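# Close look at the chain arrangement
Listed below are the residues making up each chain.
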Amino acid sequence: MYSRLHILLFLLYLKNAALDVFHETTAAFPTPGCCYEKQVGTERYVLVNDEDTTTAHNDCNSNCVYEKKTAPSSRYCFKAGNDPFHCRAEQEPTRSILPIIEGNESFVQDIIFQKETGVLVLKVPPHKDYTESVYVFEEKSGTSLVKTGDVCQLADLPTHFNVSASAERFESQATMNQGNNESEKVTSFVLKTRDSRLGSRRRAELVADVQDLCNNVPLVKTKDFLVNETEFEKFKKGEVIFVERKSSRRCLMHKSCTIVDPNACGWGWINPAGGGLSFHEVSAGSICVTCNMNFTAGPLNQGCNRTLCNCTEIIDKNSLVDCSIKSQVNSTIEIERWNDTTTRQQQQQEPILITQSMVYNRNYERRSITISSPAHKDIGALEVVMHAHKDGWWHNGIYGDGLENNQMMKLGNTCFISTLNANVFPVDIAIGIQEIKKGNDVTTAHDEVDTHAILRDLGPFTAADVTTADYEVDIHAFLLHLDLLTAAEETGLHEDIQSRCLDSNLKNNVEIPITKIQSDDLKNGKIIFMGSVPSRSYCQLQTAVANNNTGCWRFPNPDNKSSILWVHQIIHSVTEVPCCLTQTESEFSTCCQDNHPKYRECKDIMAAWNNALFVSSGYDSATLSSVEILQEGIDGTYASKQVVINGGCSAPPDLPLATSSATGSLFNGVPHVCVGYKDGEPSAKCFGL
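Worth saying up front: this structure is predicted, and the values here are computed from it rather than measured.

## Some words on the packing of aromatic side chains
- Tallying each qualifying case throughout the model produces 6 aromatic pairs.
- Relative to F161, the ring of F137 has its centre 4.8 Å away and its plane inclined at 35°; by these criteria the two rings are tilted. Taken together, the positions of F137 in strand β10 (residues 133–138) and F161 in the loop between β12 (151–156) and α1 (163–172) put the pair 24 residues apart, joining distant regions of the chain.
- You can call F161 buried: its relative accessible area is 15%.
- Ring geometry for W553 versus F555: centroids 4.9 Å apart, planes at 40°, classification tilted.
- With a relative accessible area of 4%, W553 lands in the buried category.
- A relative accessible area of 16% means that F555 is categorised as buried.

And the structure:
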């Protein structure tokens with residue numbers, strides 16, 4: 001995760017300084033009627049050449065050749081079509097260059113101003129220990145953006161910054177070539193703290209130049225703070241500085257941020273009221289906290305912002321995190337109704353909106369974060385709980401006092417318990433959720449990347465039998481649940497886990513990847529085979545896996561180079577059974593019987609899959625009161641299935657009507673029970689799985 005605190009060095013020049021600017025002029029394109037920059041549909045194009053396009057480019061309607069702004073070196077021409085289009089700028093922008101000397105190093109800053117759109121772009125090449133930077137300013141929208149290190153940082157344009165006047169000054173100095181004067185340069189040092197993350201809809205509202213520049217990279221809204229050079233250099237070295245101080249008549253508000261490195265020892269956060277905290281193993285990024293500090297006599301918080309913590313109350317890791325994370329955040333997510341087989345009429349329906357909630361519980365010594373995703377479409381509800389040690393750290397083995405079983409996923413009637421991985425920081429997840437919520441009223445499928453997980457029992461195989469090479473790893477997660485928890489482990493579970501799992505099965509689990517194809521097969525009722533154990537014979541052991549329940553949740557994307565906000569993880573709980581697969585049907589067809597007689601053959605499991613029994617029991621005056629549907633599982637046993645009643649599932653698996661002469665059948669591959677007669681009268685009612 002990239003740091004919440006970014007560093008920016010920005011060069012400003014005195015208003016009356018003589019700037020050394022060399023003005024590059026570009027000849028106008030000779031082809032009449034060519035718009036310099038045009039938008040077709042949602043894409044934007046810039047004019048690069050004129051050439052004969054009548055034959056080479058499928059009879060385009062002009063000789064104007066364009067480059068797509070999001071695809072450098074591409075070439076396009078246009079003819080009549082259905083996409084809406086308009087000319088964004090008839091003329092090309094004014095271009096200037098500014099030679100700059102810093103110590104023994106010199107470089108050239110490019111200045112581009114498009115008068116028709118009012119957009120000023122500054123391009124600064126890499127120099128010293130700074131990466132390449134591109135600045136975009138637009139006054140009407142109040143846009144001030146810098147792209148550096150493959151991250152776009154959007155801030156409010158300072159009120160004193162006049163974009164057109166600045167561009168005119170560059171242009172007016174274009175004919176001057178007097179050399180750069182270091183004494184006339186004013187350097188401002190700006191720290192940018194991340195405030196929110198912007199998704200696809202918010203991006204679409206921004207200036208077109210920003211959309212093009214920030215395509216496929218993270219775009220964050222920041223707050224900018226001016227600091228002096230001494231503070232700037234201290235922060236570069238990893239020290240903590242105060243980036244904001246506001247005062248009222250009786251109260252002073254301080255904003256202080258932790259250093260970035262999660263492994264840094266010492267005082268990782270400086271308390272304005274004195275002292276500091278080690279922030280070891282709490283966050284992978286930076287946490288900024290604004291707190292109140294009284295500086296005059298009087299009642300505590302008089303004249304202070306009551307929504308903030310008091311600096312004197314921040315005494316340990318827990319209290320610092322308490323001041324960083326809100327008690328509850330609800331994220332609104334738009335779910336598309338359609339898929340590849342949906343009709344056009346169905347696609348035109350309003351999308352589904354769901355609310356995923358995050359709750360931070362500070363009522364216990366062991367702080368916890370709970371994320372709850374509701375059931376929707378064909379996905380069930382899922383709850384995820386993560387919790388810290390009572391001393392504020394979130395991972396096992398840090399200080400020798402065990403922290404295990406501090407993550408729970410509840411799917412269906414089973415709670416899957418695991419220990420947090422060392423690279424998972426729940427504090428960062430919570431802060432990321434807050435930032436996504438602050439930047440977006442609604443997020444969509446364009447803001448997500450799908451991953452997939454499965455809760456699988458190893459059965460008779462040991463962990464050594466199943467290697468990573470046996471699976472298609474990609475980005476999909478696979479969870480193995482191992483044994484039931486011991487009584488001592490259950491007693492030691494966090495209160496939020498215990499309260500959610502009172503009437504549920506408890507199992508341990510660890511993660512192993514699966515693919516999207518495997519996940520989709522499970523969701524569609526198919527059996528998948530995994531975990532091949534190599535054998536010298538002509539058969540091998542595999543694990544047959546069938547789906548029980550499916551749920552999902554969303555957490556902030558940890559990829560700091562991606563424009564995607566969420567990781568959307570789809571999770572299955574499953575039944576699994578080992579089986580033997582014969583690799584040939586020739587003279588070695590008895591290989592499984594000869595070498596692995598205690599295992600069913602995989603082909604038999606496939607043949608028996610979805611076999612169903614219809615069992616009737618009980619009577620009242622010769623009328624059946626219960627008809628149950630039992631479906632064969634991959635382990636060869638039969639389990640009862642609920643029946644569909646008025647579009648929903650019945651609580652018990654029984655037929656909801658007393659009947660006589662009931663019969664069972666398969667309709668479109670789905671087992672059904674038909675009533676036959678009810679109270680002596682014929683009934684056409686049927687109930688399916």
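And the narrative resumes.
## Some details on unusual backbone geometry
- At S73, a position not held by glycine, the phi torsion is positive, near 75°.
- Within the secondary structure, S73 sits in the loop between β5 (64–68) and β6 (85–89).
- Owing to a relative accessible area of 63%, S73 belongs among the exposed residues under this scheme.

## Topic: the side chain of T550
- Position of T550 relative to the elements: it lies in strand β31 (residues 539–556).
- Overall, the relative accessible area of 9% leaves T550 in the buried class.
- A distance of 3.1 Å separates a polar atom in the side chain of T550 from a polar atom in the side chain of H572.
- Excluding its chain neighbours within four sequence positions, the residues that come into contact with T550 are I379, G380, L411, I570, I571 and H572.

## A look at the side chain of S196
- Following the sequence through the fold, S196 ends up in strand β13 (residues 185–197).
- The class for S196 is buried, based on a relative accessible area of 4%.
- Ignoring sequence-local partners within four residues, the contact set of S196 consists of V220, K221, E435, K438 and G439.

## Concerning the state of the cysteines
- If you walk through the whole model with that rule in mind, you get 9 disulfides.
- Across the disulfide from C309 sits C323; the S-S distance is 2.0 Å. The sign of the S-S torsion, about -115°, decides the handedness of the disulfide formed by C309 and C323: left-handed. Residue C309 is found in strand β20 (residues 309–310), and its partner C323 is found in the loop between α5 (317–322) and β21 (328–335); the two are separated by 14 residues along the sequence.

## Remarks on the pattern of salt bridges
- Under the criterion given, the structure shown has 25 salt bridges.
- One salt bridge in this structure joins K69 and D209, with 3.5 Å as the shortest N-O distance. Residue K69 is located in the loop between β5 and β6, and its partner D209 is located in helix α3 (residues 208–213); the two are separated by 140 residues in the primary sequence.
- With its nearest N and O atoms 2.7 Å apart, the salt bridge here joins D322 to R367. With D322 in helix α5 and R367 in the loop between β22 (352–361) and β23 (368–373), this pair connects stretches of sequence that are 45 residues apart. Comparing D322 with R367, the two get one shared label, buried.
- One continuous salt-bridge network, built from bridges that share partners, spans E37, R44, K69, R88, D209 and D212.

## Quick look at the environment of R203
- Looking at the element boundaries, R203 is found in helix α2 (residues 200–204).
- The exposure class of R203 is buried, given its relative accessible area of 13%.
- Along the chain, R203 and N215 lie 12 residues apart, while their C-alpha atoms are 9.2 Å from each other.
- Excluding anything up to four places from it in sequence, R203 contacts L198, Q211, C214, V217, P218, L219 and S563.
- Of note is the side chain of R203, whose polar atom sits 2.9 Å from the backbone oxygen of C214.

About the thresholds
Residues numbered from 1 in each chain as written. Predicted model: local features only at pLDDT ≥ 70, side-chain atom pairs only at ≥ 80, totals over all residues. Heavy atoms only, no water. Phe/Tyr/Trp six-rings, centres within 6.5 Å; stacked < 30°, edge-to-face > 60°. Helix = DSSP H or I, 4+ residues; strand = E, 2+ residues; numbered from the N terminus. Buried < 20%, exposed > 50% of the residue type's maximum accessible area, 1.4 Å probe, protein only. Polar contact = N/O pair within 3.5 Å; in protein donor to acceptor, adjacent residues only side chain to side chain. Contact = heavy atoms within 4.5 Å. Disulfide = S-S within 2.5 Å. Salt bridge = Lys/Arg side-chain N within 4 Å of Asp/Glu carboxyl O.

Everything listed is a geometric property; what it means functionally is a separate question.
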